[in-house]
Amino acid sequence: MSDQLQRFIFDDYQIRGEIARAHNSFSEIIKNHHYPTEIVNIIGELLVATSLLTATLKFAGKISVQLQGDGPLNLAVINGNQDQELRGTARVEGDTTGLSFKQLIGKGHLLITITPDNGERYQGIVELRKESLSECLEDYFAQSEQLPTRIILHASNIDKPQAAGLLLQTLPAVNEDHEEQFQHVSALASTVKEEELYTLENAQLLHRLYHQETLRLFEPTVISFKCSCSKERCLSSLASIAPEEILEMLEENGAIDMHCEYCASDYHFEADDLKILLTDQHNTQH
Ligand SMILES: [Zn+2]
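Residues numbered from 1 in each chain as written. Predicted model: local features only at pLDDT ≥ 70, side-chain atom pairs only at ≥ 80, totals over all residues. Heavy atoms only, no water.

Enquirer: Mind showing me how you'd approach the pattern of salt bridges here?
Expert: Pairing between side chains of opposite charge can happen when the charged atoms of each approach one another. Across all of its chains, the model carries ten salt bridges by this definition. A salt bridge links Glu196 to Arg208, with the nearest nitrogen and oxygen atoms 2.8 Å apart. In this pair, Glu196 is assigned in helix α6 (residues 194-199) and Arg208 in helix α7 (residues 202-210), connecting sequence segments twelve residues apart. Taking relative accessible area as the criterion, Arg208 reaches 30% and is therefore assigned partly exposed. (Salt bridge = Lys/Arg side-chain N within 4 Å of Asp/Glu carboxyl O. Helix = DSSP H or I, 4+ residues; strand = E, 2+ residues; numbered from the N terminus. Buried < 20%, exposed > 50% of the residue type's maximum accessible area, 1.4 Å probe, protein only.)

Given below as structure tokens:
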């Protein structure tokens, strides 16, 4: 089953929804790392959550969803863009065995950064006070946008990597009955089983949950794993280091090695590869 996000809307209610399934991207994000099970599950949930949030972007740009805390999971981050190209990484210290979401993060917060290609960068932050990522995100929406939101996230890597989620949100202009309608729709969403979210086709899943309602489904968008690192990007970051320092590093180690935390790619530069860079810098400095 391919990774995709599909939006839908209830014809009779002021409520919109999204389903995201990202098994392959999840697999790509974790495959070259040795994350403990507890961390793998959080990365999967964060990936799906970022995809669901990305679908709300109304412009071209980037989104970054980060969990930061003083627990064993120092940092977990997923970066995405309007084309649903996602990547992510996590930093873990110490034993995570059997720890809950809250224990893994400790005292921390959820940070959402939206960077439009044209326009001001926006950052939203919420303290992590709930027992799960989905509840923390619901909390974020309640605080930042005052929009009743229900989010269901599941991720697991028991037999194979699987990650999926469902989002329901009240539209900004709501009628008087919206609270009751939202309760109704969200109670039905709570009956969805983890396995159903992983495996059912969206139309089938929505029929299972909402066969008494009229829904409109939009064209699905493909979700994919994509890392933006490259040899050129490494070189341009090396260009910000003084040529003397680069020469020093080369003398010490014979080469400069760089590692991408997101996709675990390694980049190896020897003196010959850096010649142009050193000459260019030499020229611009004199
Ligand atoms: Zn990379």
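Enquirer: Before we go on, may I ask you to explain the coordination of the zinc ion in this structure?
Expert: Note on metal geometry: ideal angles are 109.5 degrees for four donors arranged tetrahedrally and 90 or 180 degrees for six donors arranged octahedrally. Summarising the metal site, the zinc ion is bound by the protein donors Cys227 (SG), Cys229 (SG), Cys260 (SG) and Cys263 (SG), whose distances to it range over 2.2 to 2.3 Å. Of note is the zinc ion, whose four donor atoms meet at the metal with angles of 102 to 114° in an arrangement that counts as tetrahedral. Written as a sequence motif, the donor residues of the zinc ion are C-x1-C-x30-C-x2-C. Placement of Cys229 in the loop between β12 (224-225) and α8 (231-238) and of Cys260 in the loop between β13 (255-259) and β14 (266-270) is noted, with a sequence separation of 31 residues between them. (Donors = N, O, S within 2.8 Å, 3.2 Å for Na, K, Ca; no water. Tetrahedral: all angles 85-135°; square planar, octahedral: opposite > 155°, others 65-115°.)

Enquirer: How do you make sense of the side chain of Gln169 when you look at a structure like this?
Expert: If you trace the backbone, Gln169 turns up in strand β9 (residues 162-170). Given the relative accessible area of 5%, Gln169 is considered buried. Residues within four places of Gln169 in sequence aside, it is in contact with Gln14, Ile15, Arg16, Phe141, Leu147, Pro148, Thr149 and Phe182. (Contact = heavy atoms within 4.5 Å.)

Enquirer: For this particular structure, what's the right way to read the domain arrangement of the protein?
Expert: One can read the domain layout of the protein as domain 1 (4-225) and domain 2 (231-285). For domain 1 and domain 2, the distance between their C-alpha centroids amounts to 38 Å. Across the contact, ten residues belong to domain 1 and four residues belong to domain 2. The tally of links between domain 1 and domain 2 comes to one salt bridge. Inspection of the domain 1/domain 2 interface yields four residue pairs in polar contact (both at pLDDT 80 or more). For the side of domain 1 that touches domain 2, the elements supplying multiple residues, two or more each, are β4 (73-81) and β5 (85-92). Within the side of domain 1 that touches domain 2, the residues separate by chemical class into three nonpolar, five polar and two charged. (Domains from an automatic or database assignment. Polar contact = N/O pair within 3.5 Å; in protein donor to acceptor, adjacent residues only side chain to side chain. Nonpolar A, V, L, I, M, F, W, Y, C, P; charged D, E, K, R; others polar.)

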